[in-house]
Amino acid sequence: MIQEDWQSRLCLMLAFQTVVAHGKQSRGMAEKVIELARRMNEFCVSNLSKAFHSDEFSFIEDYGAARIDVAIDLYKQELRTKEQTQLPQDRENLIHLYDRLQQRKARRMQRQFFTMAKEDKLADLVLNLLDEELEETSEETR
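What counts as what
- Residues numbered from 1 in each chain as written.
- Predicted model: local features only at pLDDT ≥ 70, side-chain atom pairs only at ≥ 80, totals over all residues.
- Heavy atoms only, no water.
- Helix = DSSP H or I, 4+ residues; strand = E, 2+ residues; numbered from the N terminus.
- Buried < 20%, exposed > 50% of the residue type's maximum accessible area, 1.4 Å probe, protein only.
- Contact = heavy atoms within 4.5 Å.
- Expected span 1.5 Å × (residues − 1).
- Patch = residues over 30% accessible without salt bridge, like charges linked within 9 Å, V, L, I, M, F, W, Y side chains within 5 Å.
- Areas by Shrake-Rupley, 256 points an atom, 1.4 Å probe, with all protein chains shown as cover.
- Salt bridge = Lys/Arg side-chain N within 4 Å of Asp/Glu carboxyl O.
- Lys, Arg positive; Asp, Glu negative; His and termini not counted.
- Charge placed at Lys NZ, Arg CZ, Asp CG, Glu CD.
- pLDDT = per-residue confidence, 0-100.

J.: Please clarify how the overall build of the protein chain should be interpreted in this entry.
T.: Across its full length, the protein chain carries five helices and zero strands. Its helices and strands taken in sequence order, the protein chain reads α-α-α-α-α from the N to the C terminus. Counting the 142 residues in the protein chain, one finds 15% classified as buried. Within the protein chain, counting contacts between residues at least 6 apart in sequence, those at least 24 apart form 54% of the total.

J.: Got a minute to help me understand unusual backbone geometry in this structure?
T.: A negative phi holds for most residues other than glycine; trans holds for most peptide bonds. A positive phi angle, close to 60°, is found at glutamate 83, a residue other than glycine. In this structure, glutamate 83 sits in the loop between helix 3 (65–82) and helix 4 (91–116). Using a relative accessible area of 71% as the deciding quantity, one classes glutamate 83 as exposed.

J.: Where do I start with helix 4 in this structure?
T.: In a regular helix each residue adds 1.5 Å, so 26 residues correspond to 38 Å; helix 4 covers 38 Å between its end C-alpha atoms and thus fits that length. Residues of helix 4 that are buried: Leu97, Arg100, Arg104 and Arg107. Looking at the buried positions of helix 4, the neighbouring elements they touch are helix 3.

J.: I keep staring at a positive patch on the surface and nothing clicks. Help me out?
T.: There is a patch of like positive charges on the surface, built from Lys76, Arg80, Lys105, Arg108 and Arg111. Only helix 3 and helix 4 provide two or more residues apiece to the positive patch. It is helix 4 that contributes the most residues to the positive patch, three residues altogether. In this structure, lysine 105 sits in helix 4.

J.: Is there a simple way to think about the confidence of the model for the protein chain in this case?
T.: One rule of thumb: low pLDDT means the predicted coordinates there are not for detailed reading. The share of residues in the protein chain with pLDDT of 70 or more is 83%, and the mean pLDDT across the chain is 81. Within the model, pLDDT remains below 50 along residues 54–58, and this stretch shows two contacts once partners closer than five positions in the same chain are excluded.

J.: When you look at a nonpolar patch on the surface in this model, what are you seeing that I'm missing?
T.: Nonpolar side chains collect at one region of the surface, where Leu10, Met13 and Leu14 lie side by side and expose about 270 Å² of accessible area between them. Counting through the fold element by element, leucine 10 comes out in helix 1 (residues 3–22). By relative accessible area, which is 45% here, leucine 10 ends up partly exposed.

J.: Even after reading the chapter, I still don't get the pattern of salt bridges, so can you show me in this structure?
T.: As a working rule, side chains carrying opposite charge can pair if their charged atoms are close by. Tallied over the entire structure, the rule returns seven salt bridges. One salt bridge in this structure joins arginine 38 and glutamate 35, with 2.4 Å as the shortest N-O distance. Here arginine 38 and its partner glutamate 35 are both found in helix 2 (residues 29–51), three residues apart, which amounts to about one turn of the helix. Look at arginine 38 and you get partly exposed, because its relative accessible area is 39%. Looking at glutamate 35, the relative accessible area reads 30%, which means it is partly exposed. Taken together, the shared-partner salt bridges connect Glu35, Arg38, Arg39 and Glu42 into one network.

Now the structure itself:
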């Protein structure tokens, strides 16, 4: 089971326990539990970086990336065993797969760089990227 499924399931269990412990079983209880679980999950997703110091996890994965990673792993396994695979034919799924594979490739290269890079070099790179985003944003508003 992927991480997002575990997180959603845990939120659902905690919401169920909370609703049962603080209320009477009634009609509409399931909807209350589901709504509370959804809010708990959203809270966790939006506040993860505030709750844990950034060096406690190597990379924050995009929400939904784990599902794409599962599909990628299945395609890789199929390529390894059968030397061929059947990719999806729709543009949207192909874009998601391509984008995620590019992210993974970049992160592999970044991990190697991060082990050797000094703080001043990292700071320069961050400033360069911030400048690029500012330039792109100002060009878009013109």
